[in-house]
Amino acid sequence: MEALVVSEETAHQGDVLNLQRRQRGLDPVQTVIVPMILAGDGSRISSTRIRNSEIDADGKLLKS
């Protein structure tokens, strides 16, 4: 593994991962923080919302 992609919310987990890697004698990995993207309703796009058919993969609200 060369990099870990995290959201702004989970960025601290990159630090935890790298600490654990150092403790095991492994090199740290780069942490890439990506911003959350908002759906049409102003809430964030998530795989849970897509699976629940609230929004599509582009963040457009689906009519129920």
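Structural data are supplied above this passage.
Worth saying up front: this structure is predicted, and the values here are computed from it rather than measured.

## A word on the side chain of Asn 18
Relative to the helices and strands, Asn 18 is located in helix H1 (residues 11-23). When its relative accessible area of 7% is taken as the criterion, Asn 18 is described as buried. When neighbours within four sequence positions are excluded, Asn 18 is seen to be in contact with Pro 28, Val 29 and Thr 31.

## What to know about the pairing of strand E1 (residues 3-7)
As a general feature of sheets, a regular strand has side chains that alternate between the two faces. Bridge count between E1 and strand E2 (residues 30-34): 5 bridges; the pairing is parallel. Each residue of the ladder has a partner; that of Ser 7, found in E2, is Val 34. In this view, the connection linking E1 to its parallel neighbour E2 by way of H1 has right-handed handedness.

## Re the pattern of salt bridges
Counted according to the given criterion, the structure contains 3 salt bridges. As a salt-bridge pair, Arg 44 and Glu 9 come within 2.3 Å of each other at their nearest N and O atoms. Linking Arg 44 in the loop between E2 and helix H2 (47-51) with Glu 9 in the loop between E1 and H1, this pair joins segments that are 35 residues apart in sequence. Classification of Arg 44 by relative accessible area gives partly exposed; the value is 36%. Between Glu 54 and Arg 49 there is a salt bridge whose closest N-O contact spans 2.9 Å. Beyond isolated ion pairs, a larger network of salt bridges with shared partners links Asp 41, Arg 49 and Glu 54.

Rules used in this analysis
Residues numbered from 1 in each chain as written. Predicted model: local features only at pLDDT ≥ 70, side-chain atom pairs only at ≥ 80, totals over all residues. Heavy atoms only, no water. Helix = DSSP H or I, 4+ residues; strand = E, 2+ residues; numbered from the N terminus. Buried < 20%, exposed > 50% of the residue type's maximum accessible area, 1.4 Å probe, protein only. Contact = heavy atoms within 4.5 Å. Pairing = 2+ DSSP bridges. Right-handed = clockwise from strand over helix to strand, strands pointing away. Salt bridge = Lys/Arg side-chain N within 4 Å of Asp/Glu carboxyl O.

The values are spatial; any link to function lies outside them.
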